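# Reading the structure
Spelled out, the chains give:
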Amino acid sequence: MATWNSRGLRGSFLEELINLTNEKYRNQKLALIQKVPTPIKPIHIDQSTRHITLAYFEQKSTVDYIGVVQGIPVCFDAKECAEDRFPLANIHEHQMKFMEEFEAQEGIAFLLIYFKNRDCFIYLPFTYLKTFWERMERGGKKSFAFEELNPAFEISTYSGTFVHYLEKIQMDLEDRQQLSCKHDAST
């Protein structure tokens, strides 16, 4: 069993922004995305504050968010990174497997990464993540650099939407369609 402690709150800033964004998307009837709760079993509760200070995860989590955008199933994980290198150790093998299976069912899986030092949000399509993951499995780098990411997937913040990722989902869909057309033309 995995143990939970304050390290589990590392992504709370990003998750709060995403939660506010998802609420706005829901109110505008653009998307219905929900935070996936990770079941925990409390072991120690500080009686003075009523806060859980030690707990165990009851099961492995899949991703942080799951839902639908205009009829398209989506799932994603939110990650924060303090430096220009994102360690792949922040992603678990069972999460990669879930996202791969989700995509096989014609859903869209991705990461939303907040690079703190740059104050920058990035949408990372699963296909890009999978490339970095496979490179690591072949004995390559166990991380990827910010410079390796497609700058077109940087998320802008405007019009009261904190992490406006819907535009990047559209971009991801267009990229997939172009690849599909290229594949069809070559066969």
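Presented here is a report on the structure given in the accompanying data block. (Residues numbered from 1 in each chain as written. Predicted model: local features only at pLDDT ≥ 70, side-chain atom pairs only at ≥ 80, totals over all residues. Heavy atoms only, no water.)

Right, let's get into the overall build of the protein chain. In terms of regular secondary structure, the protein chain is built from 4 helices and 11 strands. Of the contacts made within the protein chain by residues no fewer than 6 positions apart, 65% connect residues no fewer than 24 positions apart. Taken as a whole, the protein chain presents about 11200 Å² of accessible surface, with 52% of it coming from carbon and sulfur. (Helix = DSSP H or I, 4+ residues; strand = E, 2+ residues; numbered from the N terminus. Contact = heavy atoms within 4.5 Å. Areas by Shrake-Rupley, 256 points an atom, 1.4 Å probe, with all protein chains shown as cover.)

This brings us to the nonpolar core. Within the largest apolar cluster, 24 residues are counted, with the highest numbers of intra-cluster contacts made by Phe110, Leu112, Tyr165 and Ile169. Of all the secondary-structure elements, those providing two or more residues to this core are helix H1 (12-27), strand E2 (31-35), strand E5 (65-69), strand E6 (72-81), strand E8 (108-115), strand E9 (120-125) and helix H4 (166-186). Each residue touching leucine 112, except ones within four places of it in the same chain, is listed here: Leu14, Ile18, Phe76, Asp77, Ala78, Lys79, Ile122, Tyr123, Ile155, Val163 and Tyr165. In terms of nonpolar packing, the next biggest core, distinct from the first, is built from 23 residues, Val63, Ile91, Met99 and Phe102 among them. (Core = buried A, V, L, I, M, F, W, Y, C linked by side-chain atoms within 4.5 Å. Buried < 20%, exposed > 50% of the residue type's maximum accessible area, 1.4 Å probe, protein only.)

Considering all chains together, one arrives at 12 salt bridges under this definition. The salt bridge partner of arginine 176 is glutamate 103, with a shortest N-O separation of 2.7 Å. Taken together, the residues arginine 176 in helix H4 and glutamate 103 in helix H2 (residues 93-104) connect sequence positions 73 residues apart. Judged by relative accessible area, which is 16%, glutamate 103 ranks as buried. Here arginine 176 ties to aspartate 172 by a salt bridge, and the two come within 2.8 Å at their closest N and O atoms. (Salt bridge = Lys/Arg side-chain N within 4 Å of Asp/Glu carboxyl O.)

The next thing to look at is H1. Its 16 residues place the ends of H1 22 Å apart at the C-alpha level, agreeing with the 22 Å of an ideal helix rising 1.5 Å per residue. Where H1 is concerned, the buried positions are Leu14, Glu15, Leu17, Ile18, Thr21, Asn22 and Tyr25. Considered in projection along H1, the buried side chains sweep an arc of 160 degrees and stay on one side of the axis. Opposite the buried face of H1, by more than 90 degrees, sit the exposed residues Arg26 and Asn27. (Expected span 1.5 Å × (residues − 1). Arc of directions from axis to C-beta.)

Moving on, we get to helix H3 (residues 126-137). Think of an α-helix as turning once every 3.6 residues; residues three or four places apart then point the same way. Here H3 is 12 residues long and its end C-alpha atoms lie 16 Å apart, about the 16 Å a rise of 1.5 Å per residue gives. Among the residues of H3, those classed as buried are Phe126, Leu129, Phe132, Trp133 and Arg135. Contacts from the buried residues of H3 go to H2, E8, E9 and strand E10 (143-145). Positive backbone phi, at 95 degrees, marks glycine 139, one or two positions downstream of H3.

Here we take up the packing of H2 against H3. The contact between H2 and H3 brings their axes to 11 Å, and the two run at 140 degrees. With respect to H3, the axis of H2 lies oblique. The way H2 lies across H3 gives a crossing that is left-handed. Between H2 and H3, the contacting residues are Glu93, Met96, Met99, Glu100 and Glu103 on the first element and Phe126, Leu129, Lys130 and Trp133 on the second. A breakdown of the residues in the contact of H2 with H3 according to their chemical character gives 5 nonpolar, no polar and 4 charged. (Axes fitted to C-alpha atoms, helices over the stretch in contact; angles between N-to-C directions. Parallel < 35°, antiparallel > 145°, perpendicular 65-115°, else oblique. Left-handed = near helix turned anticlockwise from the far one by under 90°. Nonpolar A, V, L, I, M, F, W, Y, C, P; charged D, E, K, R; others polar.)

This next bit is on the environment of isoleucine 33. Checked against the element boundaries, isoleucine 33 lands in strand E2. Of the residues examined, isoleucine 33 reaches a relative accessible area of 8% and is grouped as buried. The sequence separation of isoleucine 33 and valine 74 amounts to 41 residues, and the corresponding C-alpha distance is 8.2 Å. The residues touching isoleucine 33, leaving out its near neighbours within four places in the chain, are Asn22, Tyr65, Ile66, Gly67, Val68, Val69, Val74, Phe76 and Tyr165.

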